[in-house]
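# Architecture at a glance
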Amino acid sequence: MEVGALIIIFALVVLFAILGLGAWATVKAVGAAKRGVDRTITQARRTVEDTTLKARSIGQTGVAGSLAQLRLDLRNSMRATQAALYQGVQSDSSLQESVALFERLSRHGHELDDELKRLEQEPDRKRIAERLPDLRERTLKITKSADSLRWAARDRARRFADDELSLLSEQIEVESDALRDWSRESVDDLAAAAAAWDARQAAAGAEPGARPAQPSQRAGEAARPQEPARPALDPAAPAAAYPWQKAPRPETTT
């Protein structure tokens, strides 16, 4: 009975764990899908708004066109700087301070963009025209700072790329010179072959029973006169007679 109860409890625990994991995975999937939809909606709204600002800056004159151009310049500069810094910090951690400064600058940019957006709905165009110089100055100050951060990050990345390319080029030149120096390799091979031949000769001379000729013997052999060669038609010299051999029978002529 106790064993059956333990099995039932274990099965219930496993079932609840599976249900909990399934619910957690469902919540994560729903959250990821919602975030994806939100990003898509935000990007679509941003594209529509940018297109509207471009149309206003080109098609409208006066205060409305000026406000649209200021908003367009501000958004383009901040967006380009954000992309450059956030992509660069992934490979260069020293840009963390630049990212922090840009986030502080972004707050001023958002405030200015919201103010410009509210002024687009303002019916008093005369008052807006009086404020346009100040708005242009603020926009220029923010975009100049953003552009400075963006170009500094790009110059830093390009400098690192140039240094790496120069080092790589030097290494390739050294490797290319080593590959072309085939004469050194052939000389090394000949030296190794000569050393191996000398080692074999030394091993052969050290074998037992192989005694080099004495200098006196070589000198005596060189001083001994050579005997003249025997003509081929001369009768051969009689062989030495031994006691057990019979005397040769003389030939008789008839």
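For the structure, see preceding data.
Description of the structure in this document. Since this is a predicted model, take the numbers as computed values, not measurements. (Residues numbered from 1 in each chain as written. Predicted model: local features only at pLDDT ≥ 70, side-chain atom pairs only at ≥ 80, totals over all residues. Heavy atoms only, no water.)

## Things to note about the packing of aromatic side chains
Scanning all chains against the criterion turns up 0 aromatic pairs. Just above the ring of Trp151 sits the side chain of Arg154; from NZ or CZ to the centre is 5.1 Å. (Phe/Tyr/Trp six-rings, centres within 6.5 Å; stacked < 30°, edge-to-face > 60°. Lys NZ or Arg CZ within 6 Å of the ring centre and 35° of its normal.)

## Structural notes on the layout of surface pockets
Its boundaries defined by the atoms lining it, the largest pocket holds a volume of some 440 Å³. If you trace the largest pocket, you find 17 residues lining it, with Arg75, Met78, Arg79, Gln82 and His110 closest to the centre. Secondary structure elements with two or more residues in the lining of the largest pocket: helix H1 (2-59), helix H2 (63-88) and helix H3 (96-119). With 8 residues, the single largest contributor to the lining of the largest pocket is H3. Residues that form the lining of the largest pocket fall into these classes: 4 nonpolar, 4 polar and 9 charged. (1 Å grid on protein atoms, 1.4 Å probe; cavity = no way out; pocket = protein on both sides within 12 Å on 5 of 7 lines; lining within 4 Å. Points joined across faces, edges and corners; volume = space filled by probe spheres on them. Helix = DSSP H or I, 4+ residues; strand = E, 2+ residues; numbered from the N terminus. Nonpolar A, V, L, I, M, F, W, Y, C, P; charged D, E, K, R; others polar.)

## Structural notes on the nonpolar core
Leu67, Met78, Leu112, Leu116, Leu132, Leu135 and Ile142 are the most contacted members of the largest nonpolar core, which totals 21 residues. Listed by contribution, the elements that provide at least two residues to this core are H2, H3 and helix H4 (125-180). When residues no more than four places from it in sequence are discounted, the contact partners of Leu132 are Val63, Ser66, Leu67 and Leu70. (Core = buried A, V, L, I, M, F, W, Y, C linked by side-chain atoms within 4.5 Å. Buried < 20%, exposed > 50% of the residue type's maximum accessible area, 1.4 Å probe, protein only. Contact = heavy atoms within 4.5 Å.)

## Here's the deal with H4
Over its 56 residues, H4 runs 77 Å from end to end, which matches the ideal 82 Å to within 8%, given 1.5 Å per residue. Its maximal kink placed at Arg131, H4 deviates by approximately 45 degrees, while the proline Pro133 follows within four residues. Where H4 is concerned, the buried positions are Ile128, Leu132, Leu135, Thr139, Ile142, Thr143, Ala146, Leu149, Arg150 and Ala153. Buried-residue contacts for H4 involve H2 and H3. (Expected span 1.5 Å × (residues − 1). Bend = angle between axes of the 7 residues up to and from the residue.)

## With respect to H3
Between its terminal C-alpha atoms H3 stretches 35 Å, which fits the 34 Å expected from 24 residues at 1.5 Å a residue. Residues of H3 that are buried: Ser98, Val99, Phe102, Leu105, Ser106, Gly109, Leu112, Asp113, Glu115, Leu116 and Leu119. Against H2 and H4 lie the buried residues of H3.

## Considerations on the packing of H3 against H4
The contact between H3 and H4 brings their axes to 10 Å, and the two run at 160 degrees. One way to sum up the angle between H3 and H4 is to call them roughly antiparallel. For the element pair H3 and H4, the recorded crossing hand is left-handed. In this structure, H3 uses Ser98, Phe102, Leu105, His108, Gly109, Leu112, Glu115, Leu116 and Leu119 to contact H4, whose residues at the interface are Arg125, Ile128, Arg131, Leu135, Arg138, Thr139, Ile142, Ser145, Ala146 and Leu149. (Axes fitted to C-alpha atoms, helices over the stretch in contact; angles between N-to-C directions. Parallel < 35°, antiparallel > 145°, perpendicular 65-115°, else oblique. Left-handed = near helix turned anticlockwise from the far one by under 90°.)

## Remarks on the pattern of salt bridges
All chains considered together, the criterion is met by 11 salt bridges. The residue Arg131 makes a salt bridge to Glu115 at a minimum N-O spacing of 2.3 Å. Here Glu115 lies in helix H3 and Arg131 lies in helix H4, a separation of 16 residues in the sequence. Classification of Arg131 as partly exposed rests on a relative accessible area of 34%. For the salt bridge of Arg180 with Asp177, the shortest nitrogen-to-oxygen distance reads 3.8 Å. Taken together, the residues Arg180 and Asp177, both in helix H4 and 3 residues apart, mark about one turn of the helix. A residue is classified by how much of its surface remains accessible, and Asp177, at 47% relative accessible area, is partly exposed. Ionic contacts of the salt-bridge type, sharing partners, join the residues Arg71, Arg75, Asp113 and Glu120 into one network. (Salt bridge = Lys/Arg side-chain N within 4 Å of Asp/Glu carboxyl O.)

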